[in-house]
Amino acid sequence: MIAEQSTPRRFLPEVQSLRAVAVLLVLTYHLEPRLVPGGFIGVDVFFAISGFLITGHLLREVRRTGRIDLPGFWAARVRRILPAAFAVILAVLAVTLVLLPATQWKSVGTAALASAFSVENWLLAASSVDYLAAEEAPTALQHFWSLGVEEQFYLFWPLLVLLAVWLGNRWVQGGLRRTAGRREASAGLPRTGLLLVFGAVIAASLAYSMVLVAAGNQAAYFDTGARVWELAAGGLLALFLAPPGTGTQPLRARWFEGRRARTALAWAGFGTIAVAAFGYGAGTAFPGLSAALPVAGTLAVILAGETRGALAPQKLLEARPVQWVGDISYSLYLWHWPVITFFLFLAGREPGPAQSLGLLVLSLLLAAASHRWIETPVRALAPLAASKWRALGAGAVAVAVVAALALAPGTLAQREIIAAERAAATLLAAPPPGFGAASIASGAPAYLQGVNQIVPVPAEAERDLPDLGDCVQKPQSPSTRECSRGAKDGSLTIALVGDSHATHWYRALEASAKRHGWTLLTYLKNSCPFSGTKRIAEANGSISCSGANQDTLERILARGDVDAVVTSHWAGSTFESGAAEGFAGYWGQLEDAGIKVYPIIDTPRPGTRTYARDCVAEHPTDLVSCGAPVAKAFEANDTTRAAAAREPRVDVLDFSDQFCADGFCPAVIGNVLVYRDKHHVSDTYMRTLAPVFDARLGALLRVDGLG
């Protein structure tokens with residue numbers, strides 16, 4: 001039943017071709033995602049390849065020597081990974097200081113520091129579950145998350161292999177299954193122990209990944225624990241293919257030696273990868289079980305090995321262009337994302353077909369240069385190749401140097417921030433007439449009385465929001481917390497209900513509550529408009545709104561003391577059919593209970609695809625480019641008025657005239673930065689808007705007999 005070939009292959013062109021496929025999928029996805037909506041699975045192909053190659057290397061060493069030289073293994077990884085990676089990090093830091101506004105320096109420096117220590121994936125995992133941080137623009141080093149996963153794998157996987165070898169040897173020495181033990185000993189590999197450990201890692205990691213994905217936890221994408229099974233699966237294939245002795249080809253069943261079977265398996269593997277690449281998309285729950293498709297396809301191609309015959313893919317895989325892309329795939333992966341992100345910042349828009357082609361060519365040129373003059377020569381550098389300890393020492397020094405340089409952008413930015421905050425504090429201590437929204441009547445000038453200081457300081461604007469703690473629940477939370485502020489037994493009890501766009505009205509409503517002695521309740525949950533209709537985003541588990549909204553409605557009705565509800569939502573939210581009906585249905589139930597409802601028309605957004613604060617920091621003397629005409633500033637699908645038409649008892653509040661003047665919506669009004677990010681209004685601007693808010697809400701309350 002078994003056949004052997006005596007001459008093992010030292011080079012595997014099919015693996016190199018898989019690398020080419022993987023990097024081109026990722027690059028195309030980042031440039032033109034419509035062409036390959038699931039191109040992100042290229043990373044999973046890389047993971048499976050890495051697990052296979054690294055484990056194969058470790059198993060050959062165990063079979064040959066009975067041990068693993070851990071320092072030698074890690075030194076080889078240092079020579080292979082760090083030179084090109086650190087060259088990219090340093091280049092990104094330099095370009096950041098030259099091209100990007102100071103508002104981005106700190107985040108890029110933090111990403112560089114995390115990348116230098118191979119923990120960028122954990123930085124992104126923490127950001128992905130933080131609603132506010134998740135809104136942040138990706139840095140030019142965000143793609144280092146996958147390198148972090150792999151490098152963490154390289155750190156602990158050899159230790160697991162050693163554990164498996166120890167367990168296997170104990171199995172043999174203990175006299176359990178002596179016959180099998182003698183066979184394993186003769187092969188030089190304790191296969192039972194390795195199989196048990198590898199299998200346990202795969203099962204535990206895959207189960208963990210599926211649990212995170214099912215819970216809608218965005219961190220699953222970057223979590224090493226949710227990804228390591230993909231590398232371990234490659235390791236399991238390496239164990240399966242491990243030859244029985246030195247210098248022999250892996251064992252295979254005779255039927256598998258047939259050309260047709262191996263050709264069919266190779267094409268099936270590539271086909272499986274293609275199904276995932278073209279069939280997956282933004283709505284795919286990933287990684288979880290969905291990642292099994294590209295991983296299985298990758299392993300199938302590797303298992304098929306060398307294929308020959310009229311229909312075999314081998315000639316295509318061995319083509320020089322394919323092999324060349326595979327050769328430079330590591331450098332190409334490293335360079336392509338900084339090229340794209342810097343283009344996006346400079347151009348302010350997505351690349352068109354011609355620009356995408358140009359960015360592809362530039363990425364290939366940088367990758368070829370990096371491979372030719374950085375990757376290859378440093379890996380073969382005699383002083384480092386001759387001594388593992390010298391290589392490890394050089395790696396440690398390099399990490400320290402890059403980490404120190406990564407701190408520079410944040411340090412430089414902080415100096416500018418301190419000076420700007422002093423000037424801002426002076427301005428806030430004695431604001432000029434027309435400060436903020438008060439200058440709307442005079443045409444919403446950006447600056448007053450020749451003072452060019454902006455408040456809040458753009459570099460710190462992300463923090464200019466209500467500090468409500470757990471009173472603003474995360475999108476994945478199963479419920480919405482009720483919080484009470486203001487007077488205990490106020491003359492009125494008013495509830496602020498909705499998503500983050502309801503939250504940014506908090507300061508204005510709080511000012512009214514303090515002035516009139518009201519009790520202020522909040523029911524706030526990011527990404528969850530107060531509606532009975534499901535958001536489309538809820539279908540993939542990334543948010544949990546329906547149950548929380550229904551519970552909020554029931555609690556408000558059950559209290560019996562709520563006089564009015566103020567609500568708003570991000571008009572860019574997309575819903576299943578019946579969006580207007582969902583809002584009107586909730587409002588109608590409140591009105592039936594004698595609770596007045598005051599929906600607020602959503603606020604406009606700035607006229608730039610990047611953050612308003614970045615645009616303002618970059619163009620302090622040309623702020624027109626950071627604003628937007630009225631026709632483009634408001635989301636097209638705001639259903640507030642349509643819902644109010646279905647429930648005419650509600651009174652709609654519209655403050656659009658407090659954000660726009662003369663047909664234009666600026667990003668800075670009366671020295672105040674209107675937006676703290678892409679579309680949330682800053683606390684400072686809301687404070688200046690409070691008098692108008694109070695007057696308009698008060699007028700409606702009086703009409704309704706509540707004033």
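Worth saying up front: this structure is predicted, and the values here are computed from it rather than measured. (Residues numbered from 1 in each chain as written. Predicted model: local features only at pLDDT ≥ 70, side-chain atom pairs only at ≥ 80, totals over all residues. Heavy atoms only, no water.)

### Structural notes on the overall build of the protein chain
- When its secondary structure is counted, the protein chain shows 26 helices and 12 strands.
- The dimensions of the protein chain, computed from C-alpha atoms along their principal axes, are 95 × 55 × 50 Å.
- Restricting to contacts in the protein chain with at least 6 residues of sequence separation, those with at least 24 account for 80%.
- Looking at charge distribution, the protein chain has the averaged site of its 60 positive side-chain charges lying 14 Å from that of its 56 negative ones. (Helix = DSSP H or I, 4+ residues; strand = E, 2+ residues; numbered from the N terminus. Contact = heavy atoms within 4.5 Å. Lys, Arg positive; Asp, Glu negative; His and termini not counted. Charge placed at Lys NZ, Arg CZ, Asp CG, Glu CD.)

### Observations concerning the pattern of salt bridges
- Under the criterion given, the structure shown has 24 salt bridges.
- As a salt-bridge pair, Asp 69 and Lys 388 come within 3.0 Å of each other at their nearest N and O atoms. In this pair, Asp 69 sits in the loop between helix 2 (42-65) and helix 3 (70-99) while Lys 388 sits in helix 18 (residues 388-429), placing the two residues 319 residues apart along the sequence.
- Residue Asp 69 is classed as buried on the basis of its relative accessible area, which comes to 18%. (Salt bridge = Lys/Arg side-chain N within 4 Å of Asp/Glu carboxyl O. Buried < 20%, exposed > 50% of the residue type's maximum accessible area, 1.4 Å probe, protein only.)

### Comments concerning a nonpolar patch on the surface
- Taken together, Leu 97, Val 98, Leu 99, Leu 346 and Leu 412 make up a surface patch of nonpolar side chains, about 430 Å² in accessible area.
- Looking at the nonpolar patch element by element, the count peaks at three residues for helix 3.
- With respect to the helices and strands, Leu 412 occurs in helix 18. (Patch = residues over 30% accessible without salt bridge, like charges linked within 9 Å, V, L, I, M, F, W, Y side chains within 5 Å. Areas by Shrake-Rupley, 256 points an atom, 1.4 Å probe, with all protein chains shown as cover.)

### Details of the nonpolar core
- Membership of the largest hydrophobic core comes to 108 residues, with the highest contact counts inside it found for Ile 41, Val 161 and Leu 194.
- Those residues within four positions of Val 161 in sequence are excluded, and the remaining contacts are Leu 58, Val 62, Ile 68, Leu 194 and Phe 198. (Core = buried A, V, L, I, M, F, W, Y, C linked by side-chain atoms within 4.5 Å.)

### A look at the pairing of strand 8 (residues 596-599)
- By the alternation rule, side chains of strand 8 split into Lys 596 and Tyr 598 and Val 597 and Pro 599, which are all buried.
- In the sheet, strand 7 (residues 564-568) pairs with strand 8 via four bridges, with the strands oriented parallel. The residue of strand 8 that forms the bridge with Thr 567 is Pro 599.
- A crossover connection joins strand 7 to the parallel strand 8 through helix 22 (residues 579-592); in handedness this β-α-β unit is right-handed. (Pairing = 2+ DSSP bridges. Right-handed = clockwise from strand over helix to strand, strands pointing away.)

### Thoughts on unusual backbone geometry
- Phe 286 connects to Pro 287 through a cis peptide bond whose omega is 10 degrees.
- Of note, the amide linkage connecting Val 455 to Pro 456 takes the cis form, showing an omega dihedral of -5 degrees.
- In this structure, Pro 456 sits in the loop between helix 18 and strand 3 (472-473).
- Its identity is not glycine, yet Ala 444 carries a phi of approximately 55 degrees, on the positive side.

### Side note on empty space enclosed by the protein
- Tallied over the entire structure, the rule returns four cavities of 30 Å³ or more.
- Here the largest cavity defines a volume of roughly 50 Å³.
- Every residue lining the largest cavity is listed: Pro 529, Ser 531, Thr 533, Lys 534, Arg 535, Glu 538, Cys 545, Ser 546, Asn 549 and Phe 575.
- Among the residues forming the lining of the largest cavity, the class breakdown is three nonpolar, four polar and three charged. (1 Å grid on protein atoms, 1.4 Å probe; cavity = no way out; pocket = protein on both sides within 12 Å on 5 of 7 lines; lining within 4 Å. Points joined across faces, edges and corners; volume = space filled by probe spheres on them. Nonpolar A, V, L, I, M, F, W, Y, C, P; charged D, E, K, R; others polar.)

### Quick word on the packing of helix 1 (residues 13-31) against helix 15 (residues 329-347)
- Look at helix 1 against helix 15: their axes get within 10 Å of each other, and the N-to-C directions meet at 5 degrees. In terms of orientation, helix 1 lies roughly parallel with respect to helix 15. Residues Arg 19, Val 23, Val 26, Leu 27, His 30 and Leu 31 of helix 1 touch helix 15, and the partners they reach there are Ser 329, Leu 332, Tyr 333, His 336, Trp 337 and Ile 340.
- The class makeup of the residues in the contact of helix 1 with helix 15 is eight nonpolar, three polar and one charged. (Axes fitted to C-alpha atoms, helices over the stretch in contact; angles between N-to-C directions. Parallel < 35°, antiparallel > 145°, perpendicular 65-115°, else oblique.)

### Thoughts on helix 2
- Its 24 residues give helix 2 an end-to-end C-alpha distance of 35 Å, which sits within 8% of 34 Å, the value for a rise of 1.5 Å per residue.
- Burial of helix 2 is extensive: 19 of the 24 residues sit out of reach of the surface.
- In the stretch just after helix 2, Gly 66 is the one whose phi turns positive, near 80 degrees. (Expected span 1.5 Å × (residues − 1).)

### Quick word on the packing of helix 1 against helix 2
- The N-to-C vectors of helix 1 and helix 2 enclose an angle of 155 degrees; their axes lie 8 Å apart at closest approach. When the interaxial angle is binned, helix 1 and helix 2 end up roughly antiparallel. The element helix 1 and its partner helix 2 pack so that their crossing is left-handed. Residues Val 15, Leu 18, Arg 19, Ala 22, Val 23, Leu 25 and Val 26 of helix 1 form the contact with helix 2, whose own contacting residues are Gly 42, Val 43, Val 45, Phe 46, Ile 49 and Leu 53.
- Residue classes in the contact of helix 1 with helix 2 are distributed as 11 nonpolar, one polar and one charged. (Left-handed = near helix turned anticlockwise from the far one by under 90°.)

### Observations concerning the packing of aromatic side chains
- Considering all chains together, one arrives at 21 aromatic pairs under this definition.
- Between Trp 145 and Phe 222 the ring centres are 5.5 Å apart and the planes differ by 85 degrees, which places this aromatic pair in the edge-to-face class. In this pair, Trp 145 is assigned in helix 7 (residues 144-173) and Phe 222 in the loop between helix 9 (191-214) and helix 10 (224-241), connecting sequence segments 77 residues apart. Here Trp 145 matches Phe 222 in class, with each residue buried.
- Aromatic side chains Tyr 221 and Phe 222 sit 5.3 Å apart centroid to centroid with 80 degrees between the ring planes, which places their arrangement in the edge-to-face category.
- Relative accessible area serves as the criterion here: at 12%, Phe 222 is assigned to the buried category.
- Taken together, the ring pairs in this structure connect Tyr 29, Phe 40, Phe 47, Trp 145, Tyr 221, Phe 222, Tyr 280 and Phe 286 into an aromatic cluster. (Phe/Tyr/Trp six-rings, centres within 6.5 Å; stacked < 30°, edge-to-face > 60°.)

### So, the state of the cysteines
- Summed over the entire model, instances satisfying the criterion amount to four disulfides.
- Across the disulfide, Cys 471 is cross-linked to Cys 483 (sulfur-sulfur distance 2.0 Å). On the S-S bond that ties Cys 471 to Cys 483, the torsion sits near -95 degrees, and the link is left-handed. Of this pair, Cys 471 sits in the loop between helix 18 and strand 3 while Cys 483 is found in strand 4 (residues 482-486), placing the two residues 12 residues apart along the sequence. Across this residue pair, the class does not change: Cys 471 and Cys 483 are buried.
- Disulfide pairing is shown between Cys 615 and Cys 626; the S-S distance is 2.0 Å. Of note, the bridge from Cys 615 to Cys 626 carries an S-S torsion of about -90 degrees and is left-handed in sense. Taken together, the residues Cys 615 in helix 23 (residues 612-618) and Cys 626 in the loop between helix 23 and strand 9 (628-629) connect sequence positions 11 residues apart. (Disulfide = S-S within 2.5 Å.)

### Side note on the confidence of the model for the protein chain
- Averaged over every residue, the pLDDT of the protein chain is 89; the share at 70 or more is 93%.
- With pLDDT under 50 throughout, residues 1-6 is counted as low confidence; its partners more than four residues away or in other chains account for 19 contacts.
- Low pLDDT, under 50, characterises residues 176-187; the stretch is placed with 11 contacts to residues that sit more than four places away or in other chains. (pLDDT = per-residue confidence, 0-100.)

### Some remarks on the environment of Thr 263
- Checked against the element boundaries, Thr 263 lands in helix 11 (residues 259-279).
- In sequence terms Thr 263 and Ala 391 are 128 residues apart; their C-alpha atoms lie 42 Å from each other.

### Thoughts on helix 22
- Look at helix 22: 20 Å from first C-alpha to last across 14 residues, which is about the 20 Å you get at 1.5 Å a residue.
- Among the 14 residues in helix 22, 10 count as buried, and that is most of the element.
- Every buried residue belonging to helix 22 is among Ala 579, Ala 580, Gly 582, Phe 583, Ala 584, Tyr 586, Trp 587, Gly 588, Leu 590 and Glu 591, and all of these are buried.
- Where helix 22 is buried, its residues contact helix 21 (546-559), strand 7, strand 8 and helix 25 (640-646).
- Gly 594 sits one or two residues past helix 22 and shows a positive phi near 85 degrees.

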